[in-house]
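Structural characterization, general
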Amino acid sequence: MNNLFKTSVWSFLLVLVSANILLFVSSIGISDKINEFEKKTRLLHEENLTLEKKVSNLTSLDFARQKAEEMNFTKVASPTYLEKLGVAYQYTP
């Protein structure tokens, strides 16, 4: 009986040690994947910042002014009409 107990205890410890080794190896693989995802996240964050800067530059008034100067736009003080506009509604009693 004593020999059976020792054998079962040693086999149980051997199973526990092998399970611990397997868990350790799988945790190393998972940590590598986590590091890879962190690098991708960092790169996406940097790309997002540069795209935000580009969008803010493209929507700024300075950019619109610069493009207007490049296209030789001029400021017009008041619109020019071909004929004088009349009254929209005229009351006749």
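Residues numbered from 1 in each chain as written. Predicted model: local features only at pLDDT ≥ 70, side-chain atom pairs only at ≥ 80, totals over all residues. Heavy atoms only, no water.

Attention now goes to the overall build of the protein chain. From N to C terminus, the protein chain includes two helices and zero strands. A buried classification covers 0% of the 93 residues belonging to the protein chain. As presented, the protein chain carries roughly 9700 Å² of accessible surface, and 65% of it is formed by carbon and sulfur atoms. (Helix = DSSP H or I, 4+ residues; strand = E, 2+ residues; numbered from the N terminus. Buried < 20%, exposed > 50% of the residue type's maximum accessible area, 1.4 Å probe, protein only. Areas by Shrake-Rupley, 256 points an atom, 1.4 Å probe, with all protein chains shown as cover.)

Moving on: unusual backbone geometry. Within the chain, Asn72 stands out as a residue other than glycine whose phi angle is a positive 60 degrees. Residue class for Asn72 comes out exposed when judged on its relative accessible area of 65%.

Take the pattern of salt bridges next. Overall, the coordinates contain three salt bridges when judged by the stated rule. Ionic pairing is found between Lys67 and Glu70, a salt bridge with its closest N-O pair at 3.3 Å. A residue pair is termed a helical-turn pair when its members lie 3 or 4 positions apart in one helix, as Lys67 and Glu70 do in helix α2 (residues 61-70) at three residues. (Salt bridge = Lys/Arg side-chain N within 4 Å of Asp/Glu carboxyl O.)

Attention now goes to a nonpolar patch on the surface. Together, Phe5, Val9, Trp10, Phe12, Leu13 and Leu16 give the surface a local cluster of nonpolar side chains, amounting to about 650 Å² of exposed area. Exposure remark for Leu13: the relative accessible area of 40% places this residue in the partly exposed category. (Patch = residues over 30% accessible without salt bridge, like charges linked within 9 Å, V, L, I, M, F, W, Y side chains within 5 Å.)

Any link to function would need more than the numbers given here.
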